[in-house]
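Chain by chain, the residues run as shown.
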Amino acid sequence: MPRPRSLSDQHLLDLVLTLIHAEGPEAATFSAVSKASGLSGSTLVQRFSTKAAMLRQALLHAWDQLDAETARLCGAIPRTQQGAVALLVGLSQNYGDSAAVYADGLRLLREDFRDPALRARGAAWGRTLVEAISACLAKSSRPEMIARLMLAQWQGSLLWWGFEADGPVVPYVESQLQEFLAELGSSSPPSPAFFGKQDLA
């Protein structure tokens, strides 16, 4: 019979992610993970074959965690405009309260863009968010388009918070999303022509 693994794959991938968040994707070497986990380098090679494969598995594991958290939040929010705000504010908790921590997260985004499998996970996550926010904005004339605009506002607010940060991220993001909804309620939604001929579906 095969010997039982001293660390589960999930625990090991959590250790790899911790190392990546602390020192960047380049730091996730077999040597560094061996030191952090207590497993030998040869054991890690047997599990992952290559450093690139280990990094991909760790980042896919991170997507699994984000998908699970997104599903939990989607199941808890009311289907209202404020529910849409609560969803995005809840997801913003993961960005920390330091611009430096947020910047570290952008290094992971670079890896997601480079890898087709990771990029596909990001695209699927975006579709999930559009669907959830559209349900919260069902009374709008164009709920899906407004959902996409709200997601763009959310991501933009995170970026500007990184430049302007003088406090926690959550209140900043929430205030920006509330301003977006207030402006939306005081004016007509932009026509599809505003976006050119791109397909919003």
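Since we're looking at a predicted model, the values are computed, not measured.

### What about the overall build of the protein chain?
A tally of regular secondary structure across the protein chain gives nine helices and zero strands. Listing every helix and strand of the protein chain by position from the N terminus yields α-α-α-α-α-α-α-α-α. When each of the 201 residues of the protein chain is scored for burial, the buried share is 36%. Partitioning the contacts of the protein chain with sequence separation of at least 6, the portion at a separation of at least 24 is 69%. Surface accessibility of the protein chain: about 11,400 Å² in total, with carbon and sulfur atoms responsible for 57%.

### Here's the deal with the environment of Pro 171
Its place among the elements puts Pro 171 in helix α9 (residues 169-186). A sequence separation of 82 residues divides Pro 171 from Val 89, and the C-alpha atoms of the two residues are 8.4 Å apart.

### Remarks on the pattern of salt bridges
Enumeration over the complete set of coordinates arrives at nine salt bridges. Put simply, Arg 47 and Asp 9 hold a salt bridge, and the shortest N to O gap is 3.1 Å. Here Arg 47, found in helix α3 (residues 41-48), pairs with Asp 9, found in helix α1 (residues 9-23); they are 38 residues apart in sequence, far enough to count as distant. According to the relative accessible area criterion, Arg 47 is buried, its value standing at 17%. By relative accessible area, Asp 9 is classed as partly exposed at 38%. Ionic pairing is found between Arg 148 and Glu 144, a salt bridge with its closest N-O pair at 3.6 Å. Of the two residues, Arg 148 and Glu 144 are both situated in helix α8 (residues 143-164); the distance of four residues between them amounts to about one turn of the helix. Residue Arg 148 is classed as partly exposed on the basis of its relative accessible area of 32%.

### A few points about the packing of aromatic side chains
Within this structure, the stated rule accounts for four aromatic pairs. For the ring pair Tyr 102 and Trp 161, a centre distance of 6.3 Å and an interplane angle of 70 degrees mean the geometry is edge-to-face. Of this pair, Tyr 102 sits in helix α6 (residues 99-114) while Trp 161 sits in helix α8, and the two are 59 residues apart along the sequence. Across the pair, exposure class does not vary: Tyr 102 and Trp 161 are buried alike. Members of the aromatic cluster, joined through ring pairs, are Trp 63, Trp 125 and Trp 154.

### Topic: the layout of surface pockets
Looking at the largest pocket, its volume works out to about 1,200 Å³. Looking at the lining of the largest pocket, the elements with two or more residues in it are α1, α4 (51-76), α6, α7 (116-136) and α8. Of the residues belonging to the lining of the largest pocket, the class tally is 20 nonpolar, seven polar and six charged.

### Some details on the packing of helix α2 (residues 30-37) against α3
Packed helix pairs are characterised by how far apart their axes lie and by the angle those axes make with each other. At a closest axis distance of 9 Å, the pairing of α2 and α3 adopts a crossing angle of 110 degrees. As summarised for this structure, α2 and α3 are arranged roughly perpendicular, according to the angle between their axes. As α2 runs across α3, the sense of the crossing is right-handed. The segment α2 lies against α3, with Phe 30, Val 33 and Ser 34 engaging Gly 41, Leu 44, Val 45 and Phe 48. Along the lines of polarity and charge, the residues of the contact of α2 with α3 split into five nonpolar, two polar and no charged.

### Overview of unusual backbone geometry
The phi dihedral of Ser 49 falls on the positive side, at around 75 degrees, and the residue is not glycine. Within the secondary structure layout, Ser 49 lies in the loop between α3 and α4. Residue Ser 49 is classed as exposed on the basis of its relative accessible area, which comes to 53%.

### A few points about a nonpolar patch on the surface
Together, Leu 106, Leu 109 and Phe 113 make up a nonpolar patch on the protein surface, roughly 280 Å² of accessible area in all. Position of Phe 113 relative to the elements: it lies in helix α6. We classify Phe 113 as exposed; its relative accessible area is 55%.

Criteria and thresholds
Once a new chain begins, its residue numbering starts again from 1 and follows that chain's sequence as written. With the structure being a predicted model, the display of local features is reserved for residues of pLDDT at least 70 and the display and counting of side-chain atom pairs for 80 or more, all residues being used for whole-chain, interface and lining totals. Where side-chain values are given, they derive from all heavy atoms of the structure, hydrogens and water being excluded. Secondary structure is summarised from DSSP: a helix means a run of H or I of at least four residues, a strand means a run of E of at least two, and numbering begins at the N terminus for each. Burial classes: relative accessible area under 20% of the type maximum marks a residue as buried, over 50% as exposed, and values in between as partly exposed (1.4 Å probe, protein chains only). Residue contacts are counted whenever heavy atoms from the two residues lie within 4.5 Å of one another. To be clear on the numbers: accessible area is Shrake-Rupley with a 1.4 Å probe, and residue cover counts the displayed protein chains and nothing else. What makes a salt bridge here is a side-chain nitrogen of Lys or Arg within 4 Å of a carboxyl oxygen of Asp or Glu, nothing more. Each Phe, Tyr or Trp ring, with Trp reduced to its six-membered ring, pairs with another whose centre is within 6.5 Å; inter-plane angles below 30 degrees give stacked pairs, above 60 give edge-to-face pairs, and intermediate values give tilted ones. Cavity and pocket criteria rest on a 1 Å grid covering protein atoms alone: a 1.4 Å probe that fits but cannot get out defines a cavity, protein on both sides within 12 Å along at least 5 of 7 lines defines an open pocket, and an atom within 4 Å of a point defines a lining residue. Grid points are joined across faces, edges and corners, and a volume is the space filled by probe spheres set on the points. Throughout this entry, Asp, Glu, Lys and Arg are counted as charged residues, while Ala, Val, Leu, Ile, Met, Phe, Trp, Tyr, Cys and Pro are counted as nonpolar. The remaining residues, Gly among them, count as polar. Note on geometry: axes are C-alpha line fits, over the in-contact stretch for helices, and angles between N-to-C directions span 0 to 180 degrees. The labels follow the angle: roughly parallel below 35 degrees, roughly antiparallel above 145, roughly perpendicular from 65 to 115, and oblique for the rest. A clockwise turn of the near helix away from the far one marks a right-handed crossing, whereas an anticlockwise turn of less than a right angle marks a left-handed crossing. The patches reported here contain residues having more than 30% relative accessible area and no salt bridge. Joining distances are 9 Å for like charges and 5 Å for nonpolar side chains (Val, Leu, Ile, Met, Phe, Trp, Tyr).

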